[in-house]
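A structural walkthrough
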Amino acid sequence: MKFDFGDVLTRMVKIGWNHKVLWLWQLLPGVVSLVLLPLFILANPGFLMMMPEPFSDFADEPWMLFVFMGAMFVFIFLTMFAQVFAQLTTTYGAIKVEKGTERIGFRELFHESLPYFWRVFGLYAIFVGGWMVIYFAFVMVFFAGSMLTMGLASLCLMPIFFLFIPIMIVGFSVLELAQAAIITDDMPLMSAISRGWNLFRANWLGVVLLMIVLYFGMSMISSLFIFPLMFPMMFLQFGMIESQGDPSTMMLIFFLVFFPLLFIVSYAVQGILMAFFQSAWAALYLRIHQGTEDQVVFSQPQ
């Protein structure tokens, strides 16, 4: 391990806690999703069927399917843009703090991060798109083999699912290092990916360990907040089964009360934790790139 693991975690905590403006940027995808969620739900024919008349009549209209598909496209598109911008501004802010800036502002992060947006967007498109191609290709082979062998191939292919774990660790580690390279050194997209891969190979043990610690640590912390909200939903499901009245009333309570509450809490907790997560990768990049630190110049966009 060619960097101080404890130092990276210490800087992560200090940056994430002392600069809560990073929390606000990480909450942006949740806010966008929360605003668009009612449109997405109300355009769902399955939800409209549970609504009282005359709203339930729209569920049988043929054009509702196109409305639902359009709402789903808008939801995914805008949420994706917000998610990329949240990662970009958070990483930019963390790197700026590591370079000596004491105070960072919300609007400041927005304006100064704009020159990097399309490169970071392309970075996420390459890695997420590549992951989807690999995953769906395996799923197609899995189902085709299962159908041809009456299910026997599924027993042989099932252990291959575990190979996705190291692939994801390597892929997302290189992605985070490449994102930091784009912002810190103002590098082109493909050069940043090459830099991220080279840094991963040179420090693979420490990088993998950091990813595992961050993932499991933040998963445990988020569970402490989210799991208690699951219990009322379990009781609600029992109430739906034992209810003597109209079960659609219980479903409306679930979608209009408990689901939005769980949605808000989960996004808030994960958003705050992601501010710490991105800060850790920013601190890591600057430390494992010390061998060429004379070439590292934090670029201030004009």
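This report concerns the structure included in the present document. (Residues numbered from 1 in each chain as written. Predicted model: local features only at pLDDT ≥ 70, side-chain atom pairs only at ≥ 80, totals over all residues. Heavy atoms only, no water.)

Regarding its fold elements, the chain presents 11 helices and zero strands. In the chain, the succession of α and β elements from N to C terminus is α-α-α-α-α-α-α-α-α-α-α. Within the chain, the fraction of its 302 residues that count as buried is 44%. In the structure as shown, the chain presents an accessible area of about 16,900 Å², 75% of it carried by carbon and sulfur atoms. (Helix = DSSP H or I, 4+ residues; strand = E, 2+ residues; numbered from the N terminus. Buried < 20%, exposed > 50% of the residue type's maximum accessible area, 1.4 Å probe, protein only. Areas by Shrake-Rupley, 256 points an atom, 1.4 Å probe, with all protein chains shown as cover.)

In this section: the pattern of salt bridges. In the structure shown here, the tally under the stated rule is seven salt bridges. Residue E108 is joined to K96 by a salt bridge in which the shortest nitrogen-to-oxygen separation is 2.3 Å. Separated by 12 residues along the polypeptide, E108 in helix α5 (residues 106-113) and K96 in helix α4 (residues 63-98) bring together distant segments of the chain. By relative accessible area, which is 26% here, E108 ends up partly exposed. K96 sits in the buried class, given a relative accessible area of 5%. Among the salt bridges present, the one from R195 reaches D185, with a minimum N-O distance of 2.8 Å. Here R195, found in helix α9 (residues 189-202), pairs with D185, found in helix α8 (residues 164-185); they are 10 residues apart in sequence, far enough to count as distant. Each of D7, R11, E98 and R287 takes part in one network of salt bridges that share partners. (Salt bridge = Lys/Arg side-chain N within 4 Å of Asp/Glu carboxyl O.)

Turning next to the nonpolar core. Proteins that are soluble and globular tend to have nonpolar side chains buried together. With 59 residues, the main nonpolar core has L123, L177, L214, W281 and L284 as its most contacted residues. Where this core is concerned, the elements lending two or more residues are α1 (5-18), α2 (21-42), α4, α6 (117-148), α8, α9, α10 (204-242) and α11 (247-288). With 13 residues, the top contributor of residues to this core is α11. Beyond its immediate sequence surroundings of up to four residues, W281 is in contact with S173, E176, L177, V207, M211 and L214. (Core = buried A, V, L, I, M, F, W, Y, C linked by side-chain atoms within 4.5 Å. Contact = heavy atoms within 4.5 Å.)

Another aspect to go through is the environment of L9. With respect to the helices and strands, the residue L9 is situated in helix α1. Accessibility expressed as a relative area gives 22% for L9, which makes it partly exposed. Among all residues touching L9, those that are not within four sequence positions of it are L210 and L214.

Before going further, it helps to examine the packing of α6 against α8. At their nearest, the axes of α6 and α8 sit 9 Å apart, and the two run at 170 degrees to each other. For the element pair α6 / α8, the angle class is roughly antiparallel. On α8, the residues touching R119, V120, L123, Y124, F127, W131, I134, Y135 and F138 of α6 are F164, M168, G171, V174, L175, E176, A178, Q179 and I182. For the contact of α6 with α8, a count of residues per class yields 14 nonpolar, two polar and two charged. (Axes fitted to C-alpha atoms, helices over the stretch in contact; angles between N-to-C directions. Parallel < 35°, antiparallel > 145°, perpendicular 65-115°, else oblique. Nonpolar A, V, L, I, M, F, W, Y, C, P; charged D, E, K, R; others polar.)

Another point: the packing of aromatic side chains. Here the structure, examined in full by the defined rule, presents 24 aromatic pairs. On the numbers, 5.9 Å between centres and 80 degrees between planes, the contact of F81 with W118 is edge-to-face. Residue F81 is found in helix α4, and its partner W118 is found in helix α6; the two are separated by 37 residues along the sequence. Classification of F81 by relative accessible area gives partly exposed; the value is 21%. By way of ring pairs, the aromatic residues W25, F73, F77, F81, F85, F106, F110, F117, W118 and F121 are connected into one cluster. Above the plane of the ring of W17 lies K20, whose end atom (NZ or CZ) is 4.1 Å from the centre. (Phe/Tyr/Trp six-rings, centres within 6.5 Å; stacked < 30°, edge-to-face > 60°. Lys NZ or Arg CZ within 6 Å of the ring centre and 35° of its normal.)

A grouping of W63, L65, F66, V67, M69, M72 and I76 is seen on the molecular surface, where their side chains present a nonpolar patch of about 690 Å² in accessible area. Topologically, M69 is positioned in helix α4. (Patch = residues over 30% accessible without salt bridge, like charges linked within 9 Å, V, L, I, M, F, W, Y side chains within 5 Å.)

Running from N to C, α8 and α9 point in directions that differ by 125 degrees, and their axes come no closer than 7 Å. Our classification of the angle between α8 and α9 gives oblique. Considering how the two elements wind past one another, α8 and α9 form a crossing that is right-handed. Taken together, the residues of α9 that come into contact with α8 (itself represented by V170, S173, V174, L177, A178, A181, I182 and D185) are L189, A192, I193, R195, G196, W197, L199 and F200. Split by residue class, the contact of α8 with α9 holds 12 nonpolar, two polar and two charged. (Left-handed = near helix turned anticlockwise from the far one by under 90°.)

Moving on, we get to α5. Of all the positions in α5, only L109, E112 and S113 are classed as buried. The buried residues of α5 occupy one face: seen down the axis, they fall within an arc of 95 degrees. (Arc of directions from axis to C-beta.)

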